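# Structural description and commentary
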Amino acid sequence: MFENLTASGAIPSLNALRAFEAMARTGGATRAAAELNVTHSAVSRQVKALEAQLGLRLFEGPRHALTLTEAGRGLLPGLTAAFDQIAAAVAEARGTGRDLHVAVNASLAVKWLIPRLADFNRLHPQVRVHLVELAPHAVSRRGADMLLRLLDTPRIEALGAIAVIPNAVGPVIAPALAQDDARTAVLTAPRLTPRTHATAWKDWAGLSRRRLPPAPERPVAHLHFALDSALAGWGAAVLPWALTAEAVMDGRLLAPFGFARDDGAVAAIPGAGEMSQDRRLLLRWLSDQGRAMPTAPDAT
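Residues numbered from 1 in each chain as written. Predicted model: local features only at pLDDT ≥ 70, side-chain atom pairs only at ≥ 80, totals over all residues. Heavy atoms only, no water.

## Quick look at the overall build of the protein chain
Rules: Secondary structure is summarised from DSSP: a helix means a run of H or I of at least four residues, a strand means a run of E of at least two, and numbering begins at the N terminus for each. Burial classes follow relative accessibility: with a 1.4 Å probe on protein chains only, a residue under 20% of its type's maximum area counts as buried, one over 50% as exposed, and anything between as partly exposed. Throughout, a residue-residue contact means that at least one pair of heavy atoms, one from each residue, lies within 4.5 Å. Only the protein chains shown count as cover for residues, and the accessible areas themselves come from Shrake-Rupley with a 1.4 Å probe. Here the positive residues are Lys and Arg and the negative ones are Asp and Glu; neither His nor the chain ends is included. Charge coordinates come from a single atom per side chain, which is NZ of Lys, CZ of Arg, CG of Asp or CD of Glu.
The secondary structure content of the protein chain amounts to 13 helices and 10 strands. With respect to the principal axes defined by its C-alpha atoms, the protein chain has extents near 80 × 50 × 30 Å. By residue count, 46% of the 300 residues in the protein chain fall in the buried class. Residue pairs at least 24 apart in sequence account for 73% of intrachain contacts in the protein chain once pairs closer than 6 positions are excluded. Put simply, the protein chain shows about 15800 Å² of open surface, and 56% of that area lies on carbon and sulfur atoms. In the protein chain, which carries 32 positive and 27 negative side-chain charges, the distance between the mean positions of the two groups comes to 3 Å.

Structure below.
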């Protein structure tokens, strides 16, 4: 009775379609693999198998900068809508209407969101928040009711996101490393450079119109690694105000040049489906938390 499902011309493997959709939507096999909890090579194999079955090229260009072909661009929207509907149907069948799945970048989760979640639980004990990691540059995550990450203004507008905390960035340094001249020390100390924000120092120099003197670089993996390293006195780091506010306010870090406002914000991106009451509760709470943040010291 199932012969037609495997006949020539039948619908390709759902695993292959899902791998392609995730890779196309997130912008790469590595980010798709993280979302699907499989290996990079598994995603690549599935996409190649799909291309072979369809007799079409879905991606083109060098391996490190693949782009969708015309066929790939045509296939993606229908698959995204279909998988979103499947995820919504499964959630409905499970009766998980009171669960909210929030995808958030690791640094923002560890240093801003998680320390505040007890307040949301106190106010709304009936809503269960589940956190999943959002890949560094991703703006979507399968099954997520909401995504939280730093975005620039054009992307906030394009994605229909809601700004929660206006972004400002500045260099910070531990008092012990700064000694008597924090402004000189923060520019000449070893520069903690997150791989996820490799241009942080250059971007701040452009915003503040300052010339950076030579200084050694110390690469770290993420923004929260840079923050902890700065607190430990391992070097200076350019970081967003949302992550550093508490440490600056209580004197554990110095910000001798203040914080320069850029055109972005920590923003909430709505997931697929209708905006439920529980999503509205979370969004309102996030906005309240953003408004309660102390104002960043002006750039000097």
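Moving on from the model shown.
## Overview of the packing of helix H1 (residues 14-26) against helix H2 (residues 29-36)
In plain terms, the rule: An axis is simply a line fitted to the C-alpha atoms; with a helix, the fit covers only the stretch in contact. Between two such axes, the angle follows the N-to-C directions and lies from 0 to 180 degrees. Note that the term roughly parallel is reserved for angles under 35 degrees, roughly antiparallel for angles over 145, roughly perpendicular for angles of 65 to 115, and oblique for everything else. If you view the pair so one helix is near and one far, a crossing is left-handed when the near helix is turned anticlockwise from the far one by less than a right angle, and right-handed when it is turned clockwise.
In the contact formed by H1 and H2, the axes pass within 8 Å of each other and the chain directions differ by 120°. In this view, H1 runs oblique relative to H2, as classed from their interaxial angle. The two elements H1 and H2 meet at a crossing, and its hand is right-handed. Facing H1, whose interface residues are Arg-18, Ala-19, Ala-22, Met-23, Arg-25 and Thr-26, H2 presents Ala-29, Arg-31, Ala-32, Glu-35 and Leu-36.

## Here's the deal with the side chain of Thr-69
With respect to the helices and strands, Thr-69 occurs in the loop between strand E2 (67-68) and helix H4 (70-94). Each residue touching Thr-69, except ones within four places of it in the same chain, is listed here: Arg-57, Leu-58, Phe-59 and Glu-60.

## Considerations on the confidence of the model for the protein chain
We count it as follows: Predictor confidence is given residue by residue as pLDDT, running from a minimum of 0 to a maximum of 100.
Averaged over the protein chain, the pLDDT score is 89; the fraction of residues at 70 or greater is 93%. Across the protein chain, element-level confidence peaks in strand E9 (residues 236-240) with a mean pLDDT of 98 and bottoms out in H4 with 78. Every residue in residues 1-8 scores below 50 in pLDDT, and together they form 2 contacts with partners more than four places removed in sequence or on other chains.

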